[in-house]
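# Chain and residue survey
These are the residues of each chain, in order.
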Amino acid sequence: MFGIYVHWPFCASKCPYCDFNSHVRDAVDHAAWRDAYIREINYYAMLAPGRTVTSIFFGGGTPSLMEPETVKVVIDQIEKSWPCDPDMEITLEANPTSVEAAKLKSFREAGVNRVSIGVQSLRDESLSFLGRKHDRNEALKSIDLAKENFERFSFDLMYARPQQKVSDWVQELEEAVNLSVGHLSLYQLTIEEGTPFHTWHARGDFMMPSEDLGGEFYEITQSILGAAGLPAYEISNHAKPGQESRHNLTYWRYTDYVGIGPGAHGRLTLNDDKVATRGHRVPEIWMERVMESGHGSHDHEVVTPEQRWMESLMMGMRLREGVPFARLESESGKSIDDILDPRKLKALSEEGLITLSGDDIKPTTAGMQRLNGVFRYLL
Amino acid sequence: MTKPLAYIRNFAIIAHIDHGKSTLADRLIQTCGGLEEREMTEQVLDNMEIEKERGITIKAQTVRLSYTAKDGIEYQLNLMDTPGHVDFAYEVSRSLASCEGSILVVDSTQGVEAQTLANVYQALDNNHEIVTVVNKIDLPAADVEWAKRQVEDVIGLDASDAIPVSGKTGQNIDLLLEAIVKKLPAPKGNTDPACPTKALLVDSWYDAYLGVVILVRVVDGYLKKGQKIRFMATGATREIDRVGMFTPKKVILDELGPGEMGFITAAIKDISDTQVGDTITDERNLAPEPLPGFKPSVPMVFCSLYPADSSEFEKLRESIAKLKLNDASLHYEMESSQALGMGFRCGFLGLLHMEIIQERLDREFDLDLVPTAPSVVYKIHLTNGTSMELYNPVDMPETTRIDKIEEPWIKATIMTPDEYLGALLQLCQERRGVQIELTYVGNRAMLVYRLPLNEVIFDFYDRLKSISRGYASFDYHLDGYEEGDLVKMDILVNGEGVDALAMVVHRTQAERRGRQLCERLKELIPRQMVKVAIQAAIGGKIIAREDIGALRKDVLAKCYGGDITRKRKLLEKQKKGKAKMQMYANVEIPQSAFIAALKMGDEK
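Conventions adopted
- Residues numbered from 1 in each chain as written.
- Chains lettered and ligands numbered in written order.
- Predicted model: local features only at pLDDT ≥ 70, side-chain atom pairs only at ≥ 80, totals over all residues.
- Heavy atoms only, no water.
- Helix = DSSP H or I, 4+ residues; strand = E, 2+ residues; numbered from the N terminus.
- Buried < 20%, exposed > 50% of the residue type's maximum accessible area, 1.4 Å probe, protein only.
- Contact = heavy atoms within 4.5 Å.
- Areas by Shrake-Rupley, 256 points an atom, 1.4 Å probe, with all protein chains shown as cover.
- Pairing = 2+ DSSP bridges.
- Axes fitted to C-alpha atoms, helices over the stretch in contact; angles between N-to-C directions.
- Phe/Tyr/Trp six-rings, centres within 6.5 Å; stacked < 30°, edge-to-face > 60°.
- Lys NZ or Arg CZ within 6 Å of the ring centre and 35° of its normal.
- Salt bridge = Lys/Arg side-chain N within 4 Å of Asp/Glu carboxyl O.
- Patch = residues over 30% accessible without salt bridge, like charges linked within 9 Å, V, L, I, M, F, W, Y side chains within 5 Å.
- Lys, Arg positive; Asp, Glu negative; His and termini not counted.
- Charge placed at Lys NZ, Arg CZ, Asp CG, Glu CD.
- UniProt positions renumbered as here; feature names shortened; annotations may be inferred.
- Buried area = accessible area lost by both parts, 1.4 Å probe.
- Polar contact = N/O pair within 3.5 Å; in protein donor to acceptor, adjacent residues only side chain to side chain.
- Nonpolar A, V, L, I, M, F, W, Y, C, P; charged D, E, K, R; others polar.
- Core = buried A, V, L, I, M, F, W, Y, C linked by side-chain atoms within 4.5 Å.

Scanning chain A from N- to C-terminus turns up 17 helices and 15 strands. Burial analysis of chain A (379 residues in total) assigns 57% to the buried set. Taking as baseline every contact in chain A between residues at least 6 positions apart, the subset at least 24 positions apart corresponds to 70%. For chain A, the exposed area adds up to about 15,100 Å²; of that, 49% sits on carbon and sulfur atoms.

Here is the structure:
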């Protein structure tokens, strides 16, 4: 598996909970961005040639604000630069505002074959609290349009919102399950540093649910989605078997991926070394660097074997399928017993937080929802 | 030439904290020309930053002043600035023993306080003549007559000729100087150059250039450069390389004669050779017997000090050693704790001494310390007929081996405005106090209680201050050992004992203390993967218990390609931070929880 992530850093407005690399600009020179993307794709194709691309993911920011032409040019350039799997998954994140929903068809024509829609909530008052620019009707409309245009699509919801009742969430979630086709991303609202929500929360403007209530939300979510045939294959991602996001699996399975665009990260195995790439976060600086030197990344950093197995464990344990010991061993160059204390593994297994088959480690449902604690104990 | 005895006056200034002792000393120095105006700083005798800041004196100081009295004679006045706290009671008693009189300073707005009393009694024990001054008369709230009446009513001293002064403005300092010359007696001593030298070692400290500097009061004979001397208690012998005095500037002299105060140095590196109260004599002309009153310093309060960052253990070791250079009464030895790593078990003269050392380590050496709860020295009589002293609760023998345990008691004097009396009585009762006396002076009450020291070292003073809004004053002296129903209380985390939290408590207090500690720990220990039981136990018997529910949900909602580096760094940091965590039966306890639990006061 080999994925290409393309970051579009612009949004119409910033949502107060979001800590992603997103920027609001009055005007964007789309032609210049097309050029820059092409140059950076060429750079990475030279750096890591010959891999077969299995997925492309347009994330942001708000990639549904891209001109479809830009999307097409990027896909074309990737196809020119690397061999591509005929079954390549090409996902684009879209916002449900009417303007953007209207562009879904053109994105399909540009080559996109899967969309992920940032619905976030099916309740108007929650959407306004979250600072979203769309309402419930637009959300429903965009889901319809996605269904019309794409065989595979997903949408996001946020739960455990301030003052949200579990019973309300159950209703909203059941409605969402009925609207979905094979994939849903369900995130517990998290207060991130450096966001307006962080300030407002610190100031006491609103209260977040307690750990216990958060747990209750999570548990009920698991049971509803499980019953609906959309079990969690990852902490916050649910899919019918076979409908998982192939692109996101490259992260969680710790295979190589390229990051194109401002603030995009990559992991590339080059001559036995794992290299981390990281695009400059500010769009204008990234653009300038790409024009100067062909890429907008900071100096590439070598990820040490110690860091590699930690990353692969940290990512892999988010998946229901867990992590094969062989992956940890190849990333670390050590045997599994030298990485993970067998006594601690045994204790975790006895507590019902992980299962051990002998050649892999898998989180249980209980373990998935306490993963930070599992790592705290294990590492 | 040394001064004839008749023209020497040696005196101490005694006062409750903040009654203006140091400022008054400043004014005396200034009036006698010991320092130029431009050289005066505030509290010139308190050299250490911590002394100035807390308004307390830790090391004794002497200043020789030259005063020409109304009779036309130039007198040598030796002003002794004594440590002002009960922890240094022995040091104070030696300072006082080197003088013939005292100036009793009473704040005209505060009146007599607990420490005033304790100091006066000590001065009287040393047969001092006392000149009473009523200080701070420059303040609008000053009430000289009231303060004088307090001196008469509470202390029983005739205050009719008490001198109203202002250390701040210098008002009536001239009257005070005359009174010193007229009222205080001249020292006595043997002036025969052939008599065996006897000098009292008043205090000593380490000076980076001179080595140990020894403050002395010569009683008989002379001290000169080149003289071979012997410290009679420690047996150490040295050759004097400097003799001098403080004005307060250091001035080198040829000799110190009978009745005089000053300093000597003798190339001494180790301050333990110079014990306060020792007698210095001439190695070639030994005094038949030492001056009375010597006692080796005995630490009364113990606690362990650990570096918050275990990599700073070496720094802590060096820093304590440096403090020890200057403080013979500080005792320490290395120990290790499962919960806190490597550290030192330290012995102090009392609570203030302990606080000062901790504060100096923090401030002067920039060490982040974890102090354990203070404890006292218990005498344990074992069933096999032997006995031992217990310095650390962890070392408590099995109960079956213990015949009886004795604990130190104190006699405490508390002075308080009467509106706080009820609450203070209750506090003393709670702490197993036995009332000895309760008397009123106007609207102030004087309480005398006997209390077990182990009840006092645990936040008693803080509680006293908070109950009385700072108005009550407190002083104590040790009052023997008594048998008590004492037990070792362990704190267990999922059944496993936490050594740093073990304590010796009276059986009647155990449940209350155990419950408090468990409740506090429940707040401090984060939820774990498993349920955690925190218990307080005496022997095998659980007396208090709190449970911490298991972690219900703790996971990042989002973690994609762009998050890996940041989240991995968090994991790495967390892994490193685990050095500061201690594992107890699979429970990770952050060190901050221990620290907070150890700092726990009664109210929480």
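Looking now at the sheet that holds strand β12 (residues 242–246) of chain B. Residue and element names in this part refer to chain B. The eight strands lie next to each other as β11-β10-β16-β7-β8-β15-β12-β13, forming an open sheet whose pairing is antiparallel. One side of each edge strand has no neighbouring strand; the edge strands of this open sheet are β11 (237–239) and β13 (250–252). On average, each strand axis in the sheet is inclined to that of its neighbour by 40 degrees, with strand direction left out of account. Alignment of strand β10 (residues 228–231) against β11, held across three bridges, turns out to be antiparallel. Among the inter-strand pairings, R230 is bridged to a residue of β11, identified as T237.

This part covers the packing of aromatic side chains. If you walk through the whole model with that rule in mind, you get 27 aromatic pairs over all chains. Ring centres of F129 of chain A and F206 of chain A lie 5.3 Å apart, and the angle between their planes is 80 degrees; this geometry places the pair in the edge-to-face category. With F129 of chain A in helix α5 (residues 124–129) and F206 of chain A in the loop between α8 (196–203) and α9 (211–227), the pair connects residues that are 77 residues apart, well separated along the chain. Residue classification places F206 of chain A among the buried positions, given a relative accessible area of 10%. Consider the rings of F197 of chain A and W200 of chain A, whose centres lie 5.7 Å apart with planes at 50 degrees: the pair is tilted. Residue F197 of chain A and its partner W200 of chain A are located together in helix α8, separated by three residues, close to a single helical turn. Counting every residue linked through ring pairs, the aromatic cluster contains W8, F10, W33, Y37 and W286 of chain A. The ring of Y254 of chain A carries K274 of chain A above its face, with NZ or CZ at 4.3 Å from the centroid. In this structure, K379 of chain B packs its charged tip against the face of Y481 of chain B, placed 4.1 Å from the ring centre.

On to the pattern of salt bridges. Applying the stated criterion across every chain, the model contains 57 salt bridges over all chains. The partner of E311 of chain A in a salt bridge is R568 of chain B, with the nearest N and O atoms 2.9 Å apart. Pair noted here: E311 of chain A is in helix α12 (residues 305–316) and R568 of chain B is in helix α13 (residues 564–577), and the two residues belong to different chains. On the basis of relative accessible area, E311 of chain A is assigned to the buried category, the value being 0%. The exposure class of R568 of chain B is buried, given its relative accessible area of 5%. The partner of E314 of chain B in a salt bridge is R317 of chain B, with the nearest N and O atoms 3.3 Å apart. Remark: R317 of chain B and E314 of chain B occur in helix α7 (residues 313–325); sequence separation between them is three residues, near one turn of the helix. Overall, the relative accessible area of 33% leaves R317 of chain B in the partly exposed class.

Right, let's talk about the pairing of strand β25 (residues 434–441) of chain B for a bit. Residues and elements named next belong to chain B. Relative to strand β26 (residues 444–452), β25 runs antiparallel, the two sharing seven bridges. Bridging across to β26, V434 finds its partner in R450. Taking the residues between adjacent antiparallel strands as the criterion, β25 and β26 are bridged by two residues, where G442 takes a positive phi near 60 degrees.

On the surface, a cluster of negative charge is made up of D124, E125, D135 and D168 of chain A. The residue E125 of chain A is located in helix α5 in this model.

Next up on the list: the UniProt feature "binding site: GTP" (unreviewed entry) in chain B. Residue and element names in this part refer to chain B. When the UniProt feature table is mapped onto this chain, "binding site: GTP" (unreviewed entry) is found at D18, H19, G20, K21, S22, T23, N135, K136, I137 and D138. Along the chain, N135 turns up in strand β5 (residues 129–135). Relative accessible area serves as the criterion here: at 2%, N135 is assigned to the buried category. Setting aside chain neighbours within four positions, we find N135 in contact with H19, G20, V105, V106, D107, S108, V165, S166 and G167. Here I137 lies in the loop between β5 and α5 (144–155). Setting aside residues up to four positions removed in sequence, I137 forms contacts with S108, A142, V144, P164, V165, S166, Q171 and N172.

The next subject is the environment of D273 of chain B. All names here are of chain B. Note on placement: D273 falls in the loop between β15 (261–265) and β16 (279–282). Spatially, the C-alpha atom of D273 lies 8.7 Å from that of A328, the residues being 55 residues apart in sequence. Each residue touching D273, except ones within four places of it in the same chain, is listed here: F231, T234, A236, R238 and I268.

What follows deals with the interface of chain A and chain B. Listed by partner, the interface residues are 45 residues for chain A and 28 residues for chain B. Buried area between chain A and chain B, both sides added, is near 3,700 Å², and the carbon and sulfur share of it is 53%. When the area that chain A buries against chain B is broken down by residue, the three leading residues are E211, M314 and R376 of chain A, summing to 18%. Scanning the region where chain A abuts chain B turns up seven salt bridges. Close ionic contact of R552 of chain B with D212 of chain A constitutes a salt bridge, the shortest N to O distance being 4.0 Å. The interface formed by chain A and chain B holds 25 residue pairs in polar contact (both at pLDDT 80 or more) in total. For the side of chain A that touches chain B, the secondary-structure elements that each account for two or more residues are β6 (183–188), α9, α10 (246–252), β10 (265–270), α12 and α17 (371–378) of chain A. Grouping the constituent residues of the side of chain A that touches chain B by class yields 20 nonpolar, 12 polar and 13 charged.

Counting residues in hydrophobic clusters, the biggest one holds 113 residues, and the most contacted among them are I4, I56, F58, W82, F155 and L340 of chain A. F348, L361, L367 and C428 of chain B belong to the second-largest nonpolar core, a separate cluster that totals 50 residues.

Residue and element names in this part refer to chain A. The pairing of β10 with strand β11 (residues 273–278) spans six bridges and is classified as antiparallel. Opposite H265, over in β11, you have R278 as the bridge partner. Joining the antiparallel neighbours β10 and β11 is a turn of two residues, in which N271 adopts a positive phi near 45 degrees. As paired strands, β11 and strand β12 (residues 301–303) are joined by three bridges and run antiparallel to one another. In the sheet register, K274 faces β12, and the bridge partner there is V303.

So, about unusual backbone geometry. Omega for the peptide link from G60 of chain A to G61 of chain A comes to 25 degrees, which places this bond in the cis form. Tracing the backbone shows G61 of chain A in the loop between β2 (53–60) and α2 (68–81). For the bond from T247 of chain B to P248 of chain B, the omega torsion is 10 degrees, close enough to zero to count as cis. With respect to the helices, strands and loops of the structure, P248 of chain B is situated in the loop between β12 and β13. At A267 of chain B, a residue that is not glycine, the phi angle is positive and equals roughly 50 degrees. Mapped onto the elements, A267 of chain B comes out in the loop between β15 and β16.

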